[in-house]
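Residues per chain, in single letters:
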Amino acid sequence: MALQEYFYFSLLPLILIVSFILGRFGFEQLSLVAYLKAYGFSLFLINAPVFARGLGLWGRRVPAEPREKTFQDFSVHLGSLVFITGASFLGFRWALGMGFLVSGLGYLFFFDLLRQITSRDQKHAHVIEKIIFLCSSLYLVALLYSTPYHDPLFWVRLATGKVAEDSLCHLAVSGMLKTYQTSSVGLDGLVLWRYHVGSHWWFGQLSNLLGMSVEQIYHFIYPAALVPLYLLSVFGLASSFSKAGLAEHRYAFGAKWAVFILSAVGIFPLEYLNQTTSHHYKFISESYILSLLLAFLGAGVLRQALAGLRKESGRRETLLVMGVFVFVILIALTKVSVGLLALFVLGYLAIRYRLIAGGRGVGIVAGFFIPLLLMIVLLHMTHNPFYPFHFLLINVAAPWRAFYFYTYYLWAWIFIIFRFQEMKIDSLSSLSEAYREKKTLDIEILTLLVVAGAIPGLLFNIAGGSALYFSAVHHVVAVSLIMGWASRSDVYSF
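It should be emphasised that the depicted structure is a prediction, and the values quoted were computed from it without experimental measurement. (Residues numbered from 1 in each chain as written. Predicted model: local features only at pLDDT ≥ 70, side-chain atom pairs only at ≥ 80, totals over all residues. Heavy atoms only, no water.)

Draft legend 1. Up close: helix H8 (residues 198-210). With 13 residues, H8 ought to run about 18 Å at 1.5 Å a step, and its terminal C-alpha atoms sit 18 Å apart, in line with that. The buried fraction of H8 is high, at 12 of 13 residues. Listing the buried residues of H8 in full gives Gly198, Ser199, His200, Trp202, Phe203, Gly204, Gln205, Leu206, Ser207, Asn208, Leu209 and Leu210. Downstream of H8 by one or two residues, Gly211 has phi in the positive range, about 65°. (Helix = DSSP H or I, 4+ residues; strand = E, 2+ residues; numbered from the N terminus. Expected span 1.5 Å × (residues − 1). Buried < 20%, exposed > 50% of the residue type's maximum accessible area, 1.4 Å probe, protein only.)

Draft legend 2. Focus on the packing of aromatic side chains. According to the stated counting rule, one finds 37 aromatic pairs in the structure shown. Relative to Phe110, the ring of Phe7 has its centre 6.4 Å away and its plane inclined at 10°; by these criteria the two rings are stacked. Pair noted here: Phe7 is in helix H1 (residues 3-23) and Phe110 is in helix H4 (residues 92-119), with a separation of 103 residues, a long-range link. Between Phe235 and Trp257 the ring centres are 4.7 Å apart and the planes differ by 50°, which places this aromatic pair in the tilted class. Within this pair, whereas Phe235 is found in helix H9 (residues 214-240), its partner Trp257 is found in helix H10 (residues 252-265), the two being separated by 22 residues in sequence. A relative accessible area of 0% means that Phe235 is categorised as buried. (Phe/Tyr/Trp six-rings, centres within 6.5 Å; stacked < 30°, edge-to-face > 60°.)

Draft legend 3. Highlighting the packing of helix H7 (residues 165-180) against H9. Orientation of H7 relative to H9, taken along the N-to-C sense of each, is 130°, at an axis distance of 9 Å. Considered as vectors, H7 and H9 are oriented oblique to each other. The hand of the H7/H9 crossing is right-handed. Contacts between H7 and H9 pair Ser167, His170, Leu171, Ser174, Gly175 and Lys178 from the former with Val214, Glu215, Tyr218 and His219 from the latter. (Axes fitted to C-alpha atoms, helices over the stretch in contact; angles between N-to-C directions. Parallel < 35°, antiparallel > 145°, perpendicular 65-115°, else oblique. Left-handed = near helix turned anticlockwise from the far one by under 90°. Contact = heavy atoms within 4.5 Å.)

Draft legend 4. Seen up close, the confidence of the model for the chain. Mean pLDDT over the chain works out to 81, with 82% of the residues at or above the 70 mark. Confidence scores differ between elements of the chain, with helix H15 (residues 359-381) showing the lowest mean pLDDT of 61 and H1 the highest of 92. (pLDDT = per-residue confidence, 0-100.)

This is the structure:
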């Protein structure tokens with residue numbers, strides 16, 4: 001990603017923090033130190049790759065292709081997350097000191113970014129791009145702070161009973177993990193709560209590192225620091241899937257934000273949106289966003305590593321182990337739905353690149369049917385009764401059901417049409433040829449996410465509308481892929 005993109009992503013947390021302050025206008029504010037620490041923490045997460053490249057971590061060589069640059073940047077992002085997680089294990093005073101150090105480094109990284117921008121002949125965003133970014137930022141503020149899940153006045157509304165019950169549950173579990181290292185809500189003792197509590201545990205660790213309460217981590221740090229990093233990973237993933245040998249065009253920054261805001265707001269009438277579950281951007285779930293963040297950062301690294309498989313077959317076993325560890329164990333601990341879908345993707349890649357010994361039949365069983373069986377068993381064990389087409393029947397009004405599979409998966413359809421047109425696929429034979437040459441891997445993964453993500457909601461009654469956390473993953477991936485297409489330098493010759 002270009003330096004100017006990092007600059008504007010550095011402004012995004014500031015906009016969110018200022019909005020949080022305005023949301024508490026007339027009520028008791030957090031301390032000035034808390035606000036400065038939060039902004040520094042977000043700058044650390046966002047700008048670590050820029051500083052690492054300035055130090056010569058990559059030999060001061062700026063890659064010509066966006067894909068390789070994304071691989072480098074995502075590696076540093078993952079490293080920064082590992083660093084702050086490790087620092088949070090220190091004793092309270094040492095961890096608190098590390099929190100101040102991390103925030104201070106964030107400001108240092110930002111000033112280094114400004115230095116690099118001013119010392120180089122950097123292109124500046126067009127005024128239209130700046131307007132698109134500002135509108136997108138304000139819309140993001142509305143998405144985050146207009147719900148009871150991340151209301152700046154959480155404690156005020158708690159006194160009136162107007163808060164989401166889910167928030168209270170997650171706060172209790174995170175606090176119990178922080179204090180007693182046990183997954184429990186604390187009622188009737190430390191009764192074990194079987195749930196994907198990776199995000200709860202991590203937020204408790206951040207509470208220890210930043211010297212803030214768990215409630216402040218959930219309602220302040222998460223929107224101000226982690227959501228911008230998640231969006232940066234979505235934008236970076238777009239670059240990682242760009243066409244080899246092509247740089248991004250002059251207005252790539254504005255094109256990506258335009259695609260994001262168009263996909264977030266939607267193009268359908270409000271009546272349709274109110275009668276269907278088509279709101280894909282579920283920022284209310286911290287575990288969902290954190291799991292997608294890990295998945296996208298890992299995918300950016302894995303995408304570049306896969307390119308070397310054709311030349312270096314000896315790396316296959318190591319790559320598979322790394323993928324399983326990053327995509328399944330870590331991601332599933334934060335959100336089971338995203339972890340299972342990641343397992344499907346890994347299994348499919350293992351089939352496509354023949355990483356599983358024993359022939360294609362064994363590969364298909366191990367790579368597809370085992371993840372499918374695991375998904376069904378887990379859903380059954382978590383007391384989700386069998387109910388065919390439950391998600392469609394309950395969440396979509398009868399007049400709209402005939403159009404649901406066209407509208408809900410619209411962005412996937414758009415990307416597939418673009419890619420078919422680009423590759424001049426107009427018959428089964430041309431599609432088969434592109435498949436054999438591995439030119440359709442992006443389409444294959446997107447189709448797999450559509451199919452595998454739809455299975456739980458079409459087979460089981462998943463309480464609380466949580467089937468959306470399976471089916472909505474495809475949308476973010478499709479939008480990211482369209483961002484990559486819209487930012488390519490040959491897009492105008494399409």
